[in-house]
Amino acid sequence: MTSRPAARGDVFDPACPARRLLDRIGTKWTSMAVKVLAEADPPEVRFAELKRRMPGVSQKMLSTTLHSLMRDGLVARRVEPTVPPRVHYRLTPLGRSLDGPLAAVRAWAEEHMAEIDEANALSDENGENTESAAIPAP
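Residues numbered from 1 in each chain as written. Predicted model: local features only at pLDDT ≥ 70, side-chain atom pairs only at ≥ 80, totals over all residues. Heavy atoms only, no water.

A. Spotlight on the overall build of the chain. Each helix and strand in the chain was counted, giving 5 helices and 3 strands. Beginning at the N terminus, the succession of helices and strands in the chain can be written as α-α-β-α-α-β-β-α. A burial count over the chain gives 24% of its 138 residues as buried. The contacts of the chain with a sequence gap of at least 6 include a subset with a gap of at least 24, amounting to 44%. For the chain, the accessible area works out to roughly 10500 Å², and carbon and sulfur atoms hold 57% of it. (Helix = DSSP H or I, 4+ residues; strand = E, 2+ residues; numbered from the N terminus. Buried < 20%, exposed > 50% of the residue type's maximum accessible area, 1.4 Å probe, protein only. Contact = heavy atoms within 4.5 Å. Areas by Shrake-Rupley, 256 points an atom, 1.4 Å probe, with all protein chains shown as cover.)

Spelled out as structure tokens, the structure:
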């Protein structure tokens, strides 16, 4: 099998596969799953433990998120042949490389959430909606 050269995308091109990838990795559940798996010690986490550490995620959404992460090569799955089977998840090296950028986004969100809430409240007070709101001058 020959490897293909790495191609860079253009996220402004509607046909760019990087856009789909950004859609997948940009969800709150992906960010939380990557964080839990990155901080895991030992480095594997069972499904039920992941669900417990991600308050609000449904079983279906967690399953869908993990499936996408596995399909993208970011998460690996190991099944112990017990009854019932014990399923463990861990980040792959590629998944570990995503933890830093997602951690930066999470930190930014936590640092600026009060400002975003304030801007939302002001917008709501002024009866603005996102389609007609004027952009203030710098």
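B. Structural context of empty space enclosed by the protein. Across all of its chains, the model carries 1 cavity of 30 Å³ or more by this definition. By volume, the largest cavity is sized at about 30 Å³. Forming the boundary of the largest cavity are R24, I25, T30, T65, S68, L69, D72 and L74. Of all the elements in the fold, those that place two or more residues in the lining of the largest cavity are helix 1 (17–25) and helix 4 (59–71). Considering each element in turn, the lining of the largest cavity owes the most residues, 3 residues, to helix 4. (1 Å grid on protein atoms, 1.4 Å probe; cavity = no way out; pocket = protein on both sides within 12 Å on 5 of 7 lines; lining within 4 Å. Points joined across faces, edges and corners; volume = space filled by probe spheres on them.)

C. Spotlight on the layout of surface pockets. By volume, the second largest pocket is sized at about 160 Å³. What lines the second largest pocket is L21, I25, D72, L74, L94, S97, L98 and P101. When residues of the lining of the second largest pocket are traced back to their parent elements, those giving at least two are helix 1 and helix 5 (93–125). Take the lining of the second largest pocket: its biggest share by element is 4 residues, from helix 5. Its residues assigned to classes, the lining of the second largest pocket comprises 6 nonpolar, 1 polar and 1 charged. (Nonpolar A, V, L, I, M, F, W, Y, C, P; charged D, E, K, R; others polar.)

D. Summary view of the nonpolar core. Ranked by internal contacts, the top residues of the largest apolar core, which has 22 residues, are L37, L50, M54, L62 and Y89. Mapped onto this core, the elements with two or more residues apiece are helix 2 (28–39), helix 3 (47–53), helix 4, strand 3 (86–91) and helix 5. At 5 residues, the largest contribution of residues to this core is made by helix 2. When neighbours within four sequence positions are excluded, L50 is seen to be in contact with A33, V36, L37, V45, L62, L66 and Y89. (Core = buried A, V, L, I, M, F, W, Y, C linked by side-chain atoms within 4.5 Å.)

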